[in-house]
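Read off the chains here:
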Number of protein chains: 2
Amino acid sequence: MDIVILGSGNVATNLAKAFDAAGERLLQIYSPNIEHACVLAEQVGAEGISNLSEVVRNADLYIISVKDDAIEQVAQSLTEVSGLVVHTSGTTDLKSLSRYLKRVGVFYPLQTFSKSRLVSLDDVPLCLESSNDDDLSILIALAERLSSRVYQLDGEKRKVLHLSAVFACNFPNHLYVLAAKVLKESGLDFDIMRPLISETADKVMSNMPFDVQTGPSVRRDETTINKHLSMLNNLPHLQEIYQTLSNSIKIIHK
Amino acid sequence: MDIVILGSGNVATNLAKAFDAAGERLLQIYSPNIEHACVLAEQVGAEGISNLSEVVRNADLYIISVKDDAIEQVAQSLTEVSGLVVHTSGTTDLKSLSRYLKRVGVFYPLQTFSKSRLVSLDDVPLCLESSNDDDLSILIALAERLSSRVYQLDGEKRKVLHLSAVFACNFPNHLYVLAAKVLKESGLDFDIMRPLISETADKVMSNMPFDVQTGPSVRRDETTINKHLSMLNNLPHLQEIYQTLSNSIKIIHK
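In short, a report on the structure.

### A few points about the sheet that holds strand β3 (residues 47-49) of chain B
Residue and element names in this part refer to chain B.
Link 1 in the chain: One open sheet holds the eight strands; their spatial order is β3-β2-β1-β4-β5-β6-β7-β8, and the pairing between them is mixed. Each edge of the sheet is formed by a strand with only one pairing partner; in this case those strands are β3 and β8 (150-152). Strand-to-strand twist in this sheet, taken as the mean axis angle between neighbours without regard to direction, amounts to 25°.
Link 2 in the chain: Pairing analysis gives four bridges linking strand β1 (residues 2-6) to strand β4 (residues 61-64), with the strands arranged parallel. For Val4, the partnering residue across the bridge sits in β4 and is Tyr62.
Link 3 in the chain: Against the sheet, helix α1 (residues 10-21) touches β1, β2 (25-30), β4 and β6 (104-109), its axis set at about 165° to β1.
Link 4 in the chain: Docked against the sheet, helix α6 (residues 155-185) engages β5 (84-87), β6 and β7 (126-129), running at close to 25° with respect to β6.

Structure representation (structure tokens):
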């Protein structure tokens, strides 16, 4: 397929490289910042552009992978194209595209991406939506060339996934940040925590997290909980988080 | 070494099996519940006992791996032994043993253990403490046969590790529980979240978590944050956690 990618951020970068690796043809990478566009374009043999009027009209697929609040503006510039136009957002309605365009869809990869770290899409859930059956088939065929986990989900379910991902990814990563902070205050290196983090995630690959909850709160070990809270006296912000999450564990495991 | 393990819980079970696999000789497993003692004892070729007066006096090493508030009581029953006595607790002072015994130490594995899931200790940080150099050397030699990560840490640092582990392990697992809950409310299966959880942990194996934080809060995407909060209107307990952690991300990344 001939593909144009509109965006050059974390998701755009990972998708562009995955499409390139899968043998799809990337025609253009658009970014309002021409440098950003060209850096990515060079890596995938495409043309970098920074003006929406330069977008070719004859591609098969246009992937809008920009900040949520910029999606509509990009969509409005694509009224002349005949190809299928999709966005990659977890929270944006399909309507943001169908308001302006006929052939539209969603191609939402449920993963955390960074530019500096290329993620294989083999195992990444690709969540698809389209109001047109033919276009949906096109998206399914493309997605199945990239991943073994292809889902067809409506907008409401996709939004729930996105919300859950905040709990399963963004918040745990933030707790790693806080663990690193606690360690640093005592001159300890974050590296000592890595095997534990790895095992904690591995454990829920084959178990439900509820069944493998450990720690003082699920044991109702108030002595340890109180020791921990008093150790955080100088970090009231972390103390509040400890209290909130500890209480939540007690509520859920009552 | 001839080893007696006092306890039959998650840590005791994983340590007993690791020592057995490493060729150490397990003499006895103690638990106040004789069935629990015997189940583990059978698996590692030891004798199961349920009475502290039955503990043999001539072992090289006694490992107390019981609930924190039961450690002293077990220690008091070991005044007649000549071997080294250690506990495996992250939060308990060495004094809890040295108050009653001469040759004492700590053997704290920084990992989350479940009976049903055998964890290799190869990569698990084993945190050691002893006030006697000879006994410390014995512990180091033993620990190095089990793991490539052996640390000598005093009680204060060990307590900090234990606190950090709550942030890096117990709380993230609880957030997986909450993600599963959000998904279930919409008829979605937790399995769809697994590749994301795995990648989130993998990412910090070679990066500092601060540098790879993603999500609406670090982007200050208030539109998405507000959508998420309103989706949680019927789950006020999760709404509070979302608000607390989202604010924390904004504070730490300001």
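Okay, back to it.
### Side note on the relation of the copies chain A and chain B
Link 1 in the chain: Relative to chain B, chain A is turned by 180° and slid 0.0 Å along the rotation axis, the superposed coordinates differing by an RMSD of 0.0 Å. Accordingly, the operation relating the two chain copies is best matched by a two-fold axis. Across chain A, the rotation axis passes nearest the C-alpha of Pro172 of chain A, at a separation of 2.3 Å.
Link 2 in the chain: Residue by residue, 100% of the interface of chain A is reproduced at the interface of chain B, so both copies engage with the same surface.

### Describing the pairing of strand β4 (residues 61-64) of chain A
Residue and element names in this part refer to chain A.
Link 1 in the chain: Burial along β4 is two-sided: Leu61 and Ile63 facing one way and Tyr62 and Ile64 facing the other are all buried.
Link 2 in the chain: Here β4 pairs with strand β5 (residues 84-87) via four bridges, running parallel. Paired with Ile63 across the two strands is Val86, which belongs to β5.
Link 3 in the chain: Once the chain exits β4 it traverses helix α3 (residues 71-76) before rejoining the sheet at β5, and the crossover so formed is right-handed.

### Concerning helix α6 (residues 155-185) of chain A
An α-helix turns once every 3.6 residues. As a result, residues three or four positions apart point the same way.
All names here are of chain A.
Link 1 in the chain: End to end, α6 covers 44 Å across 31 residues, agreeing with the expected 45 Å (1.5 Å per residue, within 8%).
Link 2 in the chain: Helix geometry: α6 is bent most strongly at Val166, by close to 35°.
Link 3 in the chain: Extensive coverage of α6 is indicated by the burial of 26 of its 31 residues.
Link 4 in the chain: With a side-chain oxygen lying 3.1 Å from the backbone nitrogen of Glu156, the N-terminal cap of α6 falls on Asp154.
Link 5 in the chain: Trailing α6 by a residue or two, Gly187 shows a phi angle of about 75°, which is positive.

### A look at the packing of α6 of chain A against helix α7 (residues 194-203) of chain B
Link 1 in the chain: The geometry of α6 of chain A relative to α7 of chain B is characterised by a closest axis approach of 9 Å and an angle of 15° between their N-to-C directions. Between α6 of chain A and α7 of chain B, the interaxial angle falls into the category roughly parallel. The chirality of how α6 of chain A crosses α7 of chain B is right-handed. On α7 of chain B, the residues touching Ala165, Ala168, Cys169, Asn173 and Tyr176 of chain A of α6 of chain A are Leu196, Ile197, Thr200 and Ala201 of chain B.
Link 2 in the chain: Class assignment of the residues belonging to the contact of α6 of chain A with α7 of chain B gives a composition of seven nonpolar, two polar and no charged.

### Overview of the side chain of Ser147 of chain A
All names here are of chain A.
Link 1 in the chain: Mapped onto the secondary structure, Ser147 falls in the loop between α5 (133-146) and β8 (150-152).
Link 2 in the chain: Residue Ser147 is classed as buried on the basis of its relative accessible area, which comes to 7%.
Link 3 in the chain: A distance of 3.4 Å separates a polar side-chain atom of Ser147 from the backbone oxygen of Asp122.
Link 4 in the chain: When neighbours within four sequence positions are excluded, Ser147 is seen to be in contact with Leu121, Asp122, Asp123, Val124 and Leu126.

### What about the packing of aromatic side chains?
Link 1 in the chain: This structure, assessed with the given rule, holds eight aromatic pairs over all chains.
Link 2 in the chain: Judged by centre distance (5.8 Å) and plane angle (50°), the ring pair of Phe19 of chain B and Phe107 of chain B falls under tilted. Placement of the pair is Phe19 of chain B in helix α1 and Phe107 of chain B in strand β6, with a sequence separation of 88 residues.
Link 3 in the chain: A relative accessible area of 1% means that Phe107 of chain B is categorised as buried.
Link 4 in the chain: Clustering of aromatic rings is evident, with ring pairs tying together Phe167 and Phe171 of chain A together with Tyr242 of chain B.

### As for the sheet that holds strand β2 (residues 25-30) of chain A
Adjacent strands of a sheet pair through backbone hydrogen bonds, lying either parallel or antiparallel.
Residues and elements named next belong to chain A.
Link 1 in the chain: Taken in spatial order, the eight strands line up as β3-β2-β1-β4-β5-β6-β7-β8 in an open sheet, and their pairing is mixed. Each end of this open sheet is capped by a strand with a single partner; those strands are β3 (47-49) and β8. In this sheet, neighbouring strand axes are inclined to one another by 25° on average, regardless of whether the strands run parallel or antiparallel.
Link 2 in the chain: Contacting β4, β5, β6 (104-109), β7 (126-129) and β8, α5 crosses the sheet at an angle of about 170° to β7.

### Observations regarding the interface of chain A and chain B
Link 1 in the chain: In this assembly, 87 residues from chain A lie in contact with 87 residues from chain B.
Link 2 in the chain: Counting the surface lost from both chain A and chain B, the interface buries some 8,600 Å², and carbon and sulfur atoms represent 70% of this.
Link 3 in the chain: The largest per-residue losses of area from chain A upon contact with chain B belong to Arg117, Phe167 and Ile192 of chain A, which jointly make up 8% of the total buried on that side.
Link 4 in the chain: Counting every contact that joins chain A to chain B gives four salt bridges.

What counts, and at which threshold
Residues numbered from 1 in each chain as written. Chains lettered and ligands numbered in written order. Predicted model: local features only at pLDDT ≥ 70, side-chain atom pairs only at ≥ 80, totals over all residues. Heavy atoms only, no water. Pairing = 2+ DSSP bridges. Helix = DSSP H or I, 4+ residues; strand = E, 2+ residues; numbered from the N terminus. Axes fitted to C-alpha atoms, helices over the stretch in contact; angles between N-to-C directions. Contact = heavy atoms within 4.5 Å. Least-squares fit on C-alpha atoms with pLDDT ≥ 70 in both. Buried < 20%, exposed > 50% of the residue type's maximum accessible area, 1.4 Å probe, protein only. Right-handed = clockwise from strand over helix to strand, strands pointing away. Expected span 1.5 Å × (residues − 1). Bend = angle between axes of the 7 residues up to and from the residue. Polar contact = N/O pair within 3.5 Å; in protein donor to acceptor, adjacent residues only side chain to side chain. Parallel < 35°, antiparallel > 145°, perpendicular 65-115°, else oblique. Left-handed = near helix turned anticlockwise from the far one by under 90°. Nonpolar A, V, L, I, M, F, W, Y, C, P; charged D, E, K, R; others polar. Phe/Tyr/Trp six-rings, centres within 6.5 Å; stacked < 30°, edge-to-face > 60°. Buried area = accessible area lost by both parts, 1.4 Å probe. Salt bridge = Lys/Arg side-chain N within 4 Å of Asp/Glu carboxyl O.

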